Each structure stands twice: as C-alpha cells, then as structure tokens.
Amino acid sequence: MADVATEMAAYRRLVGARMRADFQYRTSFVLFLVSQTLVSGLDLAVILVLFSRVQHLAGWSVAEVALLYGFAAFGFGIADVFVSQVEMASRHIKAGTFDLFLLRPVGALVHLCASEFALRRVGRSVQPAIVTVIALTQVHVAWTPVKVALVPVTILSSAVIFGCVWVVTSSLAFWTVETQEIANSFTYGGMTLSQYPVDLFATWLRRLVVFVVPLAFTSVLPASYLLDKPIPLGLPRWTALLSPAVAAVLVVVARSVWTLAVRHYRSTGS
Amino acid sequence: MAIVELRDVHKTFTIAVRKGRIRRERRLVHAVDGVSLTVEAGAMVGYIGPNGAGKSTTIKMLTGILVPSRGRVQVDGLDPNRERVAVARRIGVLFGQRTQLWWDLPLGDSFTLLRHIYRVPEDRFEQNLSTFRELLALDELLPIPVRQLSLGQRMRGELAAVLLHDPTVLFLDEPTIGLDPVSKEAVRSFLTELNRTRHTTVLLTTHDLVDVERLCERLVIIDHGRVIEDSTVASIKARYGRERTLVVDLETPGPALDIDGAEVVKVDGPRQWLRFRRDQLTATALLERVAARAAVRDLSVEEPAIDDIVRAIYRGENAPED
C-alpha cells in the first residue's frame, strides 16, 4: 500500500489529461453538463408529483422523503463522478482496448476510472446537494453530535456503497460481454429504490436492500435514525449507524470481485 | 542471463460455437500449447508465425495482460501476473495496431504524462527525450495532437513513448504494420541503434521478414500454439535454403543450357536462371561448367529469400534430409 501516493499522483495526471482532451469539445461538454443537471431533477419531480396527491408516504412527509432522495442521489452523484466509469470496462473489453489498462504501472481500476473521467457528471450532484440542504432545514431533527456527524458520513458511505455496486456489476462484463442492462438495474435502479421509505416495499425486497445489496444503508437506515423513526425490519437502533462499516466491507468485496474478473480477462485476437 | 522465460506455457480459451439457431457448443481452443522459450539479456529475437498462431497471446502473457492456463512465465525474474505493476515498470510494450498515446492531446503531452505515471526522474526523462527527439525526428511532431499524425509519425511517437522509462525488455507486436518503406526503415534503424547503445532486449512479432533479417539474429517460429523452429536466422537459411540460383547473362541468347547438377528455371533472352544445391555444387564449379558451354558476360548468385523459407516452414515442409 506504499504506492497509494503514486497511484493518486497518476490518477490526478490521468484525470487532468482527460479533462484537457474533453475541453477540445467544449460545446458538447456544456450541453452534457446542462442535460445531466436537468435529467437528475426528474427523480425529484416524480416524488413531488406523488406528494401532490398524498400527504404522507409510509409515514414520511415530503421533506423527509426529499432527505432520503438527497442522501441517495448525492451519494450516487459522487460515485457517478468517480467510479461509474467502470461501466466502460465492457466497451473496452469488446474493443480489446482494455489491454492498455494492464500495461501501465497503475492499478487497472484506477487507470480506467481516471481515463474515462468526465467532469460533466458533476452536474448530477449539484441538484441533490441543494435538495439535501433544503430538506435538512425543513425536517424536525433533535440534533445530537452523533446526528450531526451522521449527515456527511452517510453521504460518503452512500457514495462508496454505490461505487462498489458499480464495480461489482461492471465486473460481470469480464465473463459475459452483454451485462449493461443487469448492471444498470442495480446501479440506477438501486438509486431510485433508495429514494423511498423501504416500508413501502414487500418484506422480501426490504430484506434484499438491507442484507444482500445493502442499499438501505445509503439512505433509509441513517435517515430513520436521524428522524427518530422506527428502524425498518424492526432492527435495533444502532444498526442504522453501520453505513461506514457496510461501505468498508463492500470495498473489500468489490476489490476481490474486480481482481478475479481481471484475471478472467481474455483480450481479443492479435 | 535469461531475461524472458516461458516454460511449458499453455493458454486455453473456451469459445461458444453456434450450432443451429439457439444451441451453442463450448469448444476449447489451445491458443498457446506448450511453449518454452528463453531470451537472453540484450538479444533481439523475432517471434513469427501465421495469423492465429499464438504470437500475440504469448506477448500478452509476458506482459501481464493474460493469465496463462498452465506453465511458468518470468520477465526479468518476476511473474507478470502476480507482480504486474513491477513488471510494467521494467518493460515497454508496443502494439502496432493500437495506440497508447493520448489521442486528443499533443504528442508532447503524452510523454509528460508517461513521465509521471512511470515516475521517471526529471533529468533522466529530459535525457531520453532529447535522444529520441533526435533519433526519431520528433521535434516538429511534439505540439501536434496525436489524432492528426500520420501512421508513420505516430509510430515514431509510440516508440519513444514505450522507451521513456528505460525498460529492460521491449515487446513489439507488429511494429511496422501498415508503414511505408521509409517509415519501416526508420523504425528498424532506430531499434538497431537502441539495442546497440542500450542493450535493450527485444522480442518482436512481425509478418514482414525484412524486419527479422535486419534486426534479429534469432528466429522463433510458432504455429498452432507450438514452437516449430527456434534457431539463428543464418542456420535456418542454411538448413532450409539449400537451393541457390546462379543468374548468368550469356553473350548470345540461346536455348536453356543442359548442365549436370543444375536446372534452368527461367530463360529471358540472354539471361538464364540455374538452380542448384549448395551441398552438391559450389557456385564456382557451376560457373566453370556453364563457361565451358557458352560465353558468360555477367553473373550473380541469388540466395534463397527468407520469405520463401518461412513460407515453406509454415506449410510444414521439413528441412531437406542430410
């Protein structure tokens, strides 16, 4: 791990190169940035439309659901900026250009994510960030030091959890080339799922998002703690604080899956 | 000292073959089927074979891109899979069909980026860059975005790019593919110079045997994933290329000469081509026999072309029996 500094330096350089290259296509950059910002508002629009018909959703008010949305979408947005590029693995595998990421003295995942870095994706985080702040001023929270710390920790954990889901689902591309749809249903689908109180869902789905693909830790569990709501599935209160631990475990899992996947890489002829 | 070592290396792929509309059958393909090969430090070795013989697969196992199914691979004493990053620092890899440069950035930017990625010390970098600028005439190319370079120009850039970090071994996969004769020559003389001054070990795959003749002392031929020939270029020529051709220009055009130990393969006016075996007849002896029959104005001896020899080896023709 002595090479973390080297990796970081290489990462910065690669991202810089990518940004300079993208800057050559300025108009496209601006258009994308705008479209990404607008599109990211659609999820929120759906929630607002819902609340124009009902007062509460499984006992959650509009501001409370907006907070859920903020936690999930902000974390998702950060992961989108730094990790979602791993999706491109499948394209590189098909074209045989994944070879390049294995030729340089930089971790293949870091190399891939840096080379495909797209600043325009930042647009996805702007609006969720604003929503998070507004929602926090509208909900009633009995603030304690733990709860104050919980807000940034949740957003970061949420980013890490979504990042890991991205890495794991994209790793499938090393075994079978057409996996984009499956991957999307976990990442984008998972993000949408995380914007709603889990009590809306059937029990099996609740269990799935808590124990299997632990997306509940990105939003609904920490938010329940913050708002002094009962913890879903009747879990003890402290479990709602486990997001960073869950994120850490997922990092280990994602790393192993990725390493295994790269060993499975088959390249292309010639 | 062996710097590249393959010991009984296999690489097997499973491919799905369509059988009818939906049914698929899995089939094993042995891309590399028990290759053993040692390259000494400072050597330049040609690794050739027909398309699909397993050349690129071998290179990819040596560079840590692919994991061998079986067998041992070592580069500079390290396992390219377990110690991929350490190996990456010691090797340079060039794929003639793929770029490693930053497509949208000026060529010079690619070099600076690589300096940081490989952590090349500043002074060493400057030294290397100025050497390559001169040898590869890169000066006016540095500010041009890579996508605007011609293939020949880009290849010069690629060569410099894979050498900036002073690799001890250079793997070149078809470095001259698609280049015009002048660019090919530039690449070849650069590699010769590199090997002479820096003793960089080079393993080269190519379909252009002039590359091999110009650069390599040793030739390894692979087909169907197995090494079918491994010796010096001179010895391969000596063993397979036993037939030479004496070309004579006679004073007066005439019918094909009938000479013991030689066969006329072509007649063009006064010029005749006589094929003979070097182990049966010397060129001087043959010339004496020709001169005894007709007045000779001029002559030359044609050696078998490496192309013909290699074609014969690919076809599976054995070396003539002693």
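Parameters and conventions
Residues numbered from 1 in each chain as written. Chains lettered and ligands numbered in written order. Predicted model: local features only at pLDDT ≥ 70, side-chain atom pairs only at ≥ 80, totals over all residues. Helix = DSSP H or I, 4+ residues; strand = E, 2+ residues; numbered from the N terminus. Buried ≥ 20, exposed ≤ 12 C-beta atoms within 10 Å, placed from the backbone. Contact = placed C-beta atoms within 7 Å. Rg over C-alpha atoms; globule rule 2.2 N^0.38 Å. Pairing = 2+ DSSP bridges. Axes fitted to C-alpha atoms, helices over the stretch in contact; angles between N-to-C directions. Core = buried A, V, L, I, M, F, W, Y, C linked by C-beta atoms within 7 Å. pLDDT = per-residue confidence, 0-100. Domains from an automatic or database assignment.

Q: Break down the overall build of chain B for me, citing the residues and quoting the values.
A: Per the secondary structure count, chain B includes ten helices and 13 strands. Its C-alpha atoms give chain B principal-axis dimensions of roughly 75 × 55 × 45 Å. Relative to its full complement of 322 residues, chain B shows a buried share of 38%. Partitioning the intrachain contacts of chain B with sequence separation of at least 6 by distance along the chain shows that 70% fall at a separation of at least 24.

Q: How would you explain the overall build of chain A if you had to name every residue and give the values?
A: A tally of helices and strands in chain A yields eleven helices and zero strands. Reading chain A from its N end, one meets helices and strands in the order α-α-α-α-α-α-α-α-α-α-α. Taken over C-alpha atoms, the radius of gyration comes to 19 Å for chain A, in line with the 18 Å a tight globule of 270 residues would show. Referenced to the eigenvectors of the C-alpha coordinate spread, the extents of chain A come out at roughly 60 × 40 × 35 Å. In chain A, which comprises 270 residues, the share counted as buried stands at 44%. Sequence separation of 24 or more characterises 78% of the internal contacts of chain A that already satisfy a separation of 6 or more.

Q: Let's hear about the interface of chain B and chain A: which residues, and what values?
A: With 25 residues of chain B in contact, the opposing surface of chain A contributes 21 residues. Elements supplying a minimum of two residues to the side of chain B that touches chain A: helix 1 (55–62), helix 2 (84–90) and helix 3 (107–117) of chain B.

Q: Let's hear about the sheet that holds strand 11 (residues 262–268) of chain B: which residues, and what values?
A: Residue and element names in this part refer to chain B. Pairing within the open sheet is antiparallel, and its four strands lie in the order 11-12-10-13. This sheet does not close on itself; its edge strands, each paired only once, are strand 11 and strand 13 (296–302). Here the strands of the sheet are splayed against their neighbours by 20° on average, with no regard to which way each runs. Of the strand pairs in this sheet, strand 11 and strand 12 (residues 271–277) are connected by six bridges, and their pairing is antiparallel. Within strand 12, the position partnered with V264 by the bridge is L274. Against the sheet, helix 9 (residues 283–293) contacts strand 10 (243–250), strand 11, strand 12 and strand 13, and its axis sits at roughly 35° relative to strand 10.

Q: Describe the nonpolar core, naming the residues involved and giving the relevant values.
A: Ranked by size, the top nonpolar core spans 146 residues in total, and within it L68 and I161 of chain A together with L159, A160, L164, F171 and L204 of chain B carry the most contacts. If one sorts the elements of this core by residue count, helix 3 (residues 62–82) of chain A sits on top with 13 residues. In this structure L68 of chain A touches Q195, Y196, P197, S219, V220 and A223 of chain A, once residues within four positions along its chain are discounted. Counting residues in each nonpolar core, the second largest holds eight residues, with L246, L250, L274 and F276 of chain B among its members.

Q: I'd like to hear about the environment of L33 of chain A, residue by residue, with values.
A: All names here are of chain A. Secondary-structure assignment places L33 in helix 2 (residues 26–51). Of the residues examined, L33 has 18 C-beta atoms within 10 Å and is grouped as partly exposed. For L33, the residues in contact, after removing those within four places along its chain, are R120 and G123.

Q: Go over the confidence of the model for chain B with me, naming the residues and quoting the values.
A: Of all residues in chain B, 98% attain a pLDDT of 70 or more, and the chain-wide mean is 90. Among the scores for the predicted complex, ipTM is 0.83 and pTM is 0.85.

Q: How would you explain the sheet that holds strand 7 (residues 201–205) of chain B if you had to name every residue and give the values?
A: The strands that make up a sheet are held in pairs by hydrogen bonds between backbone atoms, and each pair lies either parallel or antiparallel. All names here are of chain B. Spatial ordering of the open sheet is given by 5-6-7-3-8-9, a layout of six strands whose pairing is mixed. This sheet does not close on itself; its edge strands, each paired only once, are strand 5 (91–95) and strand 9 (226–232). Here the strands of the sheet are splayed against their neighbours by 15° on average, with no regard to which way each runs. Strand direction decides the pairing type here: strand 5 and strand 6 (residues 169–173), joined by five bridges, are parallel. Residue I91 lies in a different strand from strand 6, and its bridge partner there is V169.

Q: Explain the domain arrangement of chain B residue by residue, including any values.
A: In terms of domains, chain B is made up of domain 1 (2–237) and domain 2 (243–303). Taken over C-alpha atoms, the centre of domain 1 of chain B sits 44 Å from the centre of domain 2 of chain B.

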